[in-house]
Amino acid sequence: MKKYLSFFRLRFAMGLQYRTAALAGIITQFAWGFMEIMIFHAFYRADAASFPMHFSATASYIWLQQAFLDNCGYQCGFCTPGIIMTAKAFLEEHENPTEEEVREALAGNYCRCGTHYTAVESVMAYVQKRKEERQ
Ligand code: FES
């Protein structure tokens, strides 16, 4: 009986450890996003002319990053920044793109390593969210 009890105690402790790590990761993501926006906002208020991007553009860029995180649209550290920047530039020119247009816009960033449908899904999720917010 004692060994069963210690097994369940150990299993509970290990599960708690992973749940805590996952929760810490989620909180870190939101805290980072919030901090990034607040720092940009503070500097933007100080001298708006020195920024190449408006505050709203920066906020939408961060939400695009969040859409990639939500939909597991990331790949390696080389591809993901390129895909996100390409998607951001594409979405500034296309208000309501189709999935096929997004796939074609991101075509230059595809490599042989991964599956790219999650990146397209991430961009489409962002487009859908943006559309809902503007209505
Ligand atoms: S996933 Fe980045 S080079 Fe393939």
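Right above here is the structure, for reference.
Here the structure is a predicted model, which means the values were calculated and not measured.

About the criteria used
- Residues numbered from 1 in each chain as written.
- Predicted model: local features only at pLDDT ≥ 70, side-chain atom pairs only at ≥ 80, totals over all residues.
- Helix = DSSP H or I, 4+ residues; strand = E, 2+ residues; numbered from the N terminus.
- Rg over C-alpha atoms; globule rule 2.2 N^0.38 Å.
- Buried ≥ 20, exposed ≤ 12 C-beta atoms within 10 Å, placed from the backbone.
- Contact = placed C-beta atoms within 7 Å.
- Axes fitted to C-alpha atoms, helices over the stretch in contact; angles between N-to-C directions.
- Parallel < 35°, antiparallel > 145°, perpendicular 65-115°, else oblique.
- Left-handed = near helix turned anticlockwise from the far one by under 90°.
- Nonpolar A, V, L, I, M, F, W, Y, C, P; charged D, E, K, R; others polar.

Caption draft 1: How the structure looks around the overall build of the protein chain. Along the backbone of the protein chain there are 5 helices and 0 strands. When the helices and strands of the protein chain are listed from N to C terminus, the series reads α-α-α-α-α. Computed over the C-alpha atoms, the radius of gyration of the protein chain is 20 Å, more than 25% above the 14 Å expected from 2.2 N^0.38 for a compact globule of 135 residues. Each principal axis of the C-alpha distribution contributes one length, and for the protein chain these read about 70 × 40 × 35 Å. For the protein chain, buried positions account for 14% of its 135 residues. Restricting to contacts in the protein chain with at least 6 residues of sequence separation, those with at least 24 account for 57%.

Caption draft 2: Quick look at the environment of M38. For M38, the position within the fold is in helix α1 (residues 2-46). What makes M38 exposed here is the crowd of 10 C-beta atoms within 10 Å.

Caption draft 3: Molecular detail of the packing of helix α2 (residues 55-70) against helix α3 (residues 79-93). Axis separation between α2 and α3 bottoms out at 10 Å; the angle between their running directions is 130°. The angle between α2 and α3 falls in the class oblique. Every pair of crossing elements has a handedness; the one defined by α2 and α3 is right-handed. Side by side, α2 and α3 meet where Y61, L64, Q65 and F68 of the first sit next to I84, A87 and K88 of the second. Partitioning the contact of α2 with α3 into residue classes produces 5 nonpolar, 1 polar and 1 charged.

Caption draft 4: Spatial organisation of the environment of Y117. With respect to the element layout, Y117 can be found in helix α5 (residues 117-134). Residue Y117 is classed as exposed on the basis of its C-beta count, with 12 C-beta atoms lying within 10 Å. Put simply, Y117 and G73 are 44 residues apart on the chain and 7.9 Å apart in space, counted from C-alpha to C-alpha.

Caption draft 5: Examining unusual backbone geometry more closely. Phi angles above zero are rare outside glycine, and C72 is one such case at about 55°. Residue placement: C72 occurs in the loop between α2 and α3.

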